[in-house]
Amino acid sequence: MPRTEVVLQEKIADGLYRMVIKSPVDLSQSAYMPGQFLHFRVSDSIDFMLRRPISLCLADEANNLVTVVYRAQGEGTKRLSRLAAGDTVDVIGPLGKGFPLHEESSAALVIGGGIGVPPLLELAKKLRAKGTRIVAILGFQKASQAILIEEFKALAEVFIVTDDGSMGKKGLVTDLLDASMIDGISRYYACGPTPMLRAVKQALEPSGILGYLSLEERMGCGIGLCAGCVHKIQDNDGVHYVKTCKEGPVFPAQEVVFS
Ligand SMILES: Cc1cc2nc3c(=O)[nH]c(=O)nc-3n(C[C@H](O)[C@H](O)[C@H](O)COP(=O)(O)OP(=O)(O)OC[C@H]3O[C@@H](n4cnc5c(N)ncnc54)[C@H](O)[C@@H]3O)c2cc1C
Ligand code: FES
């Protein structure tokens, strides 16, 4: 099985970890995209046969390293958090289709909720490198779960909301989506819990701004074999189900059907 070395593991917030690993592929030769995910096998035991999908948060091509940021919530991700620098981990990827980077985008809005924030960092880095102005709305439950704020501030104008008001404005990411926030924006990109994605799509649809949503479906194989990750889409072929691990997890917002 493909094993790679853990270079760094650190707790960065309440229950949240940053792990840097040697990339399982040569990044300089790979057409990786922000929004793709890595698929971790957390134990050789049969109980943990299913891999855990974690998004690429940052790619460091010069040193061939990838960073992931994740919440240790169930037994699998708790096991992942117990790995230390020098250990090895079984991981494949980057997998799936990520956020497309358009040449013509002069200003972009990135909207992240909770553990949906990390994949938007590599996206912001890539957009910034193209000269795109970035506005980031980052939402968290509370200040103790806020992550990657300084990293985003280095790349974007950042607006923070928390459910309890303990950091930034009290409320939801959609509370900030008024006319002044979207003025001049030509693309939006969102990642977060499904209710947030549904609300973002609903709020921005009338503006006509093209958007991309990263869907978080439970996954099995991660490579298109098991159909464990299907989501309803409406595109030129009509309404049908797609495998989010292979066709996504990122989709044009107008195609995503929330039932
Ligand atoms: C494309 C994608 C990218 C993701 N990126 C991140 C990330 O960057 N950081 C992060 O913290 N989390 C991310 N997640 C969610 C993460 O995969 C789950 O939190 C994790 O798999 C849960 O595993 P567990 O061992 O903690 O929980 P358990 O409850 O022990 O997991 C049991 C099974 O359910 C699956 N599962 C449970 N919750 C989820 C979930 N929300 N999404 C998908 N599968 C789930 C697990 O993969 C495992 O197969 C992502 C999910 C997807 C689909
Ligand atoms: S997780 Fe198996 S087909 Fe997508």
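Look above for the structure.
All of the points below concern the structure found in this document. (Residues numbered from 1 in each chain as written. Chains lettered and ligands numbered in written order. Predicted model: local features only at pLDDT ≥ 70, side-chain atom pairs only at ≥ 80, totals over all residues.)

1. Focus: helix H2 (residues 119-129)
Logical step 1: If you check which residues of H2 are buried, you get Pro119, Leu120, Leu121, Glu122, Leu123, Ala124 and Leu127.
Logical step 2: Of the residues flanking the end of H2, it is Gly131, one or two places downstream, whose phi is positive at about 85°. (Buried ≥ 20, exposed ≤ 12 C-beta atoms within 10 Å, placed from the backbone. Helix = DSSP H or I, 4+ residues; strand = E, 2+ residues; numbered from the N terminus.)

2. Examining the sheet that holds strand S3 (residues 37-41)
Logical step 1: Taken in spatial order, the seven strands make up an open sheet running S4-S3-S7-S1-S2-S6-S5, and their pairing is antiparallel. Only two strands of the sheet have a single partner each, and these edge strands are strand S4 (52-55) and strand S5 (58-60). Neighbour-to-neighbour, the strand axes of the sheet open up by a mean angle of 35°, direction not taken into account.
Logical step 2: Inspection of the sheet shows strand S2 (residues 16-22) paired to strand S6 (residues 65-71) by seven bridges, in the antiparallel sense. By the bridge assignment for S6, Tyr17 is matched with Tyr70. (Pairing = 2+ DSSP bridges. Axes fitted to C-alpha atoms, helices over the stretch in contact; angles between N-to-C directions.)

3. Thoughts on the sheet that holds strand S16 (residues 250-252)
Logical step 1: Reading across the sheet, the seven strands line up as S11-S10-S9-S8-S12-S13-S16 and stay open at both edges, with mixed pairing between neighbours. Every other strand in the sheet has two partners, leaving strand S11 (169-170) and S16 as the edge strands with one partner each.
Logical step 2: Pairing of strand S13 (residues 210-214) with S16 involves three bridges; the strand directions are antiparallel. By the bridge assignment, Ser214 is partnered in S16 with Val250.
Logical step 3: In the packing of helix H5 (residues 194-204) onto the sheet, the strands contacted are strand S8 (107-113), strand S12 (187-191) and S13, and the crossing angle to S13 comes to about 175°. (Contact = placed C-beta atoms within 7 Å.)

4. Remarks on the pairing of S12
Logical step 1: Burial within S12 is extensive, with five of its five residues counted as buried.
Logical step 2: Burial along S12 is two-sided: Arg187, Tyr189 and Cys191 facing one way and Tyr188 and Ala190 facing the other are all buried.
Logical step 3: Pairing analysis gives five bridges linking S8 to S12, with the strands arranged parallel. By the bridge assignment for S12, Ile111 is matched with Ala190.
Logical step 4: Each parallel crossover has a hand, and for S12 linked through H5 to S13 it is right-handed. (Right-handed = clockwise from strand over helix to strand, strands pointing away.)

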